[in-house]
Amino acid sequence: MIKDNFDISASNGISKTDAPSLYECRQGVSVLYRERFLYSKYDPSKSILNIISNLTVTPGTLVLVMSPALFLGYTELTQKLSDQCKIICFEFDKQLYDFSKNYIPQDSKDTKIYSEENIKEYINFINTNHFRKVIRIDFSGGTIFNKEKYDNIFSVTQSVIDQFWKNRLTLIRFGRIFSKNIFKNLVHLADSIPFKSLYKTVDKPILVLGAGESLDKTIQTLKEKKQCGGQDTDSDKIFRDIFFILCVDAALNPLLESNIIPDAVVAVECQSIIEKAYIGKSVLSKVPLFSDLVSRSSIPKILGGPVSFFVSEYSNMTFLKTLSEKEILPPVIKPLGSVGLVASEIALRLRKNDDVKIFFSGLDFSFTAGITHAKETPSHKRQLFKNHRLTSVYNIDSAFEPGTSQITGKNERRMTTSKALISYALLFTEQFSDIKNFFDAGVSGVSLNAKQMDLASAIKDFALIDKNNDSLFKEKLSLKNSNELKNKILTYIKEEKEELTKLIDLLSLGNKSRYRNAEITLDTQLDLIITGRDYLYIHFADAQKNTNRQSFLNRIKIESNIFLKQLKTAQDMMEK
C-alpha cells in the first residue's frame, strides 16, 4: 500500500525536485526520479508480477532484489520461497535508499535493504550462510543509475557461492587424506626447521619455477655462462648461480636433468602420484623442502634432507584451531590451490626486503595443444612411456577435455587453458600483481598483470652479485624445533587417542559404556566429543547439515577407528 506522506506528482510526468516522487497511473502508482519512470506509467506492477509468476525458486536459493523502490511484487515473491531461501535487497542510490525504506511491506518488517555502507556485512553473511544458488531480480528501473555496482555485487555473490561448493567437493574427495596427512606429518614437524626462522633470509634475486612450458626456455638461459664484455668471467659459473631458485616439485627433474640443483623445493600435493616427481638423483637429499602439513607425508622421507612446514588453511576447522591454540600449528598460508602460487607466497616471505627482486617462470596456467608441461616432468615422461605406433607422444586429448578453451598467450600464440587454470591465474593476479619487484620471466602462458622482464636481459644487472649472499638462509637450515614442541605434539596425540577411544566405546555400548556421563544425555555427550573433532566428518557429503543422525553416527564410528590407528602409529614413531 502506498504511503500518504509522499506527494503524488501529476505535472505531465516531470518531477519538480531531484527527489523520488510518486506518479499516479491508470492502474496504480509509479515512481519518477531524475526524469525517469522507474515503473511503467500505464501498469506499474505488470512487468515485475510477470517475472515472479514465471520464476522457479529451488530450496537453498538466495534471491537478490535490486532497487526495490515501492516493493511491488515483493509479497508475491515471498510466497514462492521455502524456509531454506532468503531475500536480500540492495539499493545503491542514497535518495532511493531512503525512499524505499518507507515502502517495506507490513508483513515483511524484518526485511533489510543493503547499501554501499554495509557491503562488508553482506559479504560476511554470504560467507557464513551457505546457499546453493543465487538469482537476481531487478525490481525497478532504479538499477540504471548504478548498473555496474549491481552487476558487481551479483558477480561477487556468484563467486562466493561457487567457490564454497567447489571447496566442499574438494573436501569430500580429499578431506580425509588432508587430515590423515596432518597426523602423519606431525611426527616430522617435531624435527623440522621452524618456517618463521627462514623469513627474510635471502638477499639474492629469487627465481620461482613452475612446471609449465616456459620452464624449458628458462633452463636454457640458466645454463649459459656468465659474461662480461662478451668474455666469460669465470668458466665454472653459470647464470644459475645468480639466483636463489625455489621450484615446485614437478619442476625438480627438468632442473636436475640439466645439472641445475634448486635451492629449495615446495610440496603441497596430498596424493601418492606426486612421488614420481622425486625420483631422481641422490643430490635431492641436500635440497631443502618446504612442505604443506597436508601434503604427502612420505616426501620428507624420500628426500631425507632439511624440511620446513607450513599449513594451507584448507577449511575453517575446529581441528586446525585446536592445533593453533596448543601452539603446534606451523605458519598458515591461505588456500591458494596451485603449488606455483604457494611457491610465490613463500618467496615473498623468504626475501630480505622488497628491494630483492623475485622472478617467476613456468607458471603458465595454459599449454600448447598436446604439450601440457615442460620436458622431463613426470607428465612428459608418462607420455614418452605410453608412446607407440598407435599412440602419439603428444597429449592431444587434454586440449579437448570439457571446460577447456583457447586464449592468446603472452607470446601472441594460441594456447589452451581450462576453468581451473584460469581460476588459478585470476587468483595469482589478485594476490601478486601489485607486489614490488615481482617480475614475470616466462615467455608463454596467460598474462598475469606482472611486469614482464626477459631473464637474459635482467641477468646483466646482477653480473657482480655475490654467489653466497643466501648464506643466512643456509645458516638457519641447521635450526630445529625445540623439544618443547615435540612434547606438545605427543601430549596432543595421546589426548586425541583417549577421546577417540571414549567416542568409539560410547557409540558401541551407549548408556552401558564405562565412559558414560550420567549428568548429561548420551547425544549431548557424543556431540561434545564430535564437534571438536571435525576431521572425522569434514569429508562427509552431509557435513554441513546431516539429516539422518544414526547414519551420521555410524560413519563417525568408522572414521574414529581409522584415525585411532593413525594416532597409535604416530605415537609409536615419536616414542622410538
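Use the structure listed above.
Remember, predicted model here, so these are calculated numbers, not experimental data.

(A) Seen up close, the overall build of the protein chain. Summing up its helical and strand segments, the protein chain has 17 helices and 21 strands in all. Judged by the C-alpha coordinates and their principal axes, the protein chain covers about 90 × 80 × 55 Å. In the protein chain, which comprises 576 residues, the proportion classed as buried is 50%. Accessible surface, the protein chain as shown: approximately 28,900 Å² in total, 48% of it carbon and sulfur. Mean positive and mean negative side-chain charge positions of the protein chain (78 and 68 charges, respectively) differ by 5 Å.

(B) Molecular detail of the sheet that holds strand β7 (residues 113-114). Read from one edge of the open sheet, 4 strands run β7-β6-β5-β8, paired in parallel fashion. Of all the strands in the sheet, the pair left with one neighbour each is β7 and β8 (133-138). One ladder, built from 6 bridges, connects strand β5 (residues 61-66) with β8; its direction is parallel. The residue bridging L64 from the neighbouring strand is R136, located in β8. Taken strand by strand, helix α5 (residues 147-189) contacts β5, β6 (86-90) and β8, and its axis lies near 165° from that of β8.

(C) Representation of the packing of helix α15 (residues 483-509) against helix α17 (residues 549-575) in the model. Contact geometry of α15 with α17 gives a least axis separation of 9 Å together with a crossing angle of 150°. With respect to their mutual orientation, α15 and α17 come out roughly antiparallel. Between α15 and α17 the crossing geometry is left-handed. Considering only residue class, the contact of α15 with α17 consists of 14 nonpolar, 5 polar and 7 charged.

(D) Fine view of the environment of V160. Examined against the element boundaries, V160 turns out to sit in helix α5. With 214 residues separating them in the primary sequence, V160 and A374 have C-alpha atoms 33 Å apart.

(E) Up close: the packing of aromatic side chains. For the structure shown, the criterion picks out 35 aromatic pairs. With 5.7 Å between their ring centres and 35° between their planes, F90 and Y114 make a pair best called tilted. Taken together, the residues span a long stretch of sequence, with F90 in strand β6 and Y114 in strand β7 at a distance of 24 residues. Of the two residues examined, F90 and Y114, each falls in the buried class. For the pair F290 and F473, a centre-to-centre distance of 6.4 Å together with 45° between the ring planes defines the contact as tilted. Of this pair, F290 sits in strand β14 (residues 289-292) while F473 sits in helix α14 (residues 471-476), placing them 183 residues apart in sequence. One exposure class covers both F290 and F473, and it is buried. Chaining the aromatic ring pairs together yields one cluster made of F195, Y199, F244, F290, F310 and F473.

(F) Quick peek at the pairing of strand β15 (residues 307-312). Within β15, 6 of the 6 residues are buried, which leaves it mostly tucked inside the rest of the structure. Of the two faces of β15, the one carrying V307, F309 and V311 and the one carrying S308, F310 and S312 are both buried. Where β14 lies against β15, 4 bridges are found, and the strand directions are parallel. What sits directly across from F290, in β15, is S308. Taken together, the 2 bridges between β15 and strand β16 (residues 332-333) define a ladder with parallel strand orientation. Each bridged residue has a counterpart across the sheet, and for V311 the counterpart in β16 is V332.

(G) Geometry of the packing of helix α10 (residues 339-350) against helix α12 (residues 419-432). Two elements in contact, α10 and α12, have axes whose closest approach is 11 Å; the angle formed by their N-to-C orientations is 15°. As summarised for this structure, α10 and α12 are arranged roughly parallel, according to the angle between their axes. Remark: the crossing between α10 and α12 carries right-handed chirality. Between α10 and α12, the residues in contact are L341, S344, E345 and L348 and Y424, L427, F428 and F432, respectively. For the contact of α10 with α12, the per-class residue count stands at 6 nonpolar, 1 polar and 1 charged.

(H) Local environment of the pattern of salt bridges. Evaluated as defined, the whole model comprises 22 salt bridges. When the shortest N-O distance is used, the salt bridge between R549 and D523 registers 3.5 Å. Highlighted residues: R549 in helix α17 and D523 in helix α16 (residues 522-531), separated in sequence by 26 residues. According to the relative accessible area criterion, D523 is partly exposed, its value standing at 40%. For the salt bridge of R555 with D542, the shortest nitrogen-to-oxygen distance reads 2.8 Å. Note that R555 is positioned in helix α17 and D542 in the loop between α16 and α17, a separation of 13 residues in sequence. Linked by salt bridges that have partners in common, R136, D138, K147 and D151 make up one network.

Basis of the calculations
- Residues numbered from 1 in each chain as written.
- Predicted model: local features only at pLDDT ≥ 70, side-chain atom pairs only at ≥ 80, totals over all residues.
- Heavy atoms only, no water.
- Helix = DSSP H or I, 4+ residues; strand = E, 2+ residues; numbered from the N terminus.
- Buried < 20%, exposed > 50% of the residue type's maximum accessible area, 1.4 Å probe, protein only.
- Areas by Shrake-Rupley, 256 points an atom, 1.4 Å probe, with all protein chains shown as cover.
- Lys, Arg positive; Asp, Glu negative; His and termini not counted.
- Charge placed at Lys NZ, Arg CZ, Asp CG, Glu CD.
- Pairing = 2+ DSSP bridges.
- Contact = heavy atoms within 4.5 Å.
- Axes fitted to C-alpha atoms, helices over the stretch in contact; angles between N-to-C directions.
- Parallel < 35°, antiparallel > 145°, perpendicular 65-115°, else oblique.
- Left-handed = near helix turned anticlockwise from the far one by under 90°.
- Nonpolar A, V, L, I, M, F, W, Y, C, P; charged D, E, K, R; others polar.
- Phe/Tyr/Trp six-rings, centres within 6.5 Å; stacked < 30°, edge-to-face > 60°.
- Salt bridge = Lys/Arg side-chain N within 4 Å of Asp/Glu carboxyl O.

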